[in-house]
Amino acid sequence: MAEHNLKPIRRGDTWSMQLDFFDDACETTPINVSTWVFKLMAKNSAGVTQWTWDNTVFAAGATTNQRIVTLSAVTTAGYSVGEYAYDLQVTKAATVDT
């Protein structure tokens, strides 16, 4: 599984990130993710989950291959400062990929 860094989340700021899904490295074949269920867990260095984003945080984008995550300033103000490992789980039909 690939590793990716999220853009920094600053406490007390509104944060947004668009996720685009493609079937190829050249990003020419979009994947329809409109029926997928997303869940992201942020874990500290001890492996303890600090917060979870459920599927409602991953809003549909303008196309079927997009999801947009937006966090309010109130939400980010409650996050603890630190570096985290993120586990993203995606459920497609009956299959869960992490």
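Going by the structure above, here's the rest.
Residues numbered from 1 in each chain as written. Predicted model: local features only at pLDDT ≥ 70, side-chain atom pairs only at ≥ 80, totals over all residues. Heavy atoms only, no water.

> Which parts of the structure should I look at to understand the sheet that holds strand β5 (residues 66-71)?
Two modes of strand pairing occur in sheets, parallel and antiparallel, and in both the strands are linked by backbone hydrogen bonds. The three strands are arranged β1-β5-β4 in an open sheet whose pairing can be described as antiparallel. The sheet terminates laterally at β1 (15-20) and β4 (58-60), the two strands that pair on one side only. Neighbour-to-neighbour, the strand axes of this sheet turn through a mean angle of 30°, independent of strand direction. In this structure, β1 lies alongside β5, joined through six bridges in antiparallel fashion. (Pairing = 2+ DSSP bridges. Helix = DSSP H or I, 4+ residues; strand = E, 2+ residues; numbered from the N terminus. Axes fitted to C-alpha atoms, helices over the stretch in contact; angles between N-to-C directions.)

> Could you clarify how one ought to interpret the packing of aromatic side chains in this entry?
In this description, a pair of aromatic rings is defined by centroid distance and the angle of the planes. For the structure on display, the rule yields eight aromatic pairs. Consider the rings of F38 and F58, whose centres lie 5.2 Å apart with planes at 20°: the pair is stacked. Of the two residues, F38 is situated in strand β2 (residues 37-43) and F58 in strand β4; the sequence distance between them amounts to 20 residues. For the pair formed by F38 and F58, the shared burial category is buried. Relative to Y79, the ring of W51 has its centre 3.8 Å away and its plane inclined at 5°; by these criteria the two rings are stacked. Of this pair, W51 sits in strand β3 (residues 49-53) while Y79 is found in the loop between α1 (73-77) and β6 (85-92), placing the two residues 28 residues apart along the sequence. (Phe/Tyr/Trp six-rings, centres within 6.5 Å; stacked < 30°, edge-to-face > 60°. Buried < 20%, exposed > 50% of the residue type's maximum accessible area, 1.4 Å probe, protein only.)

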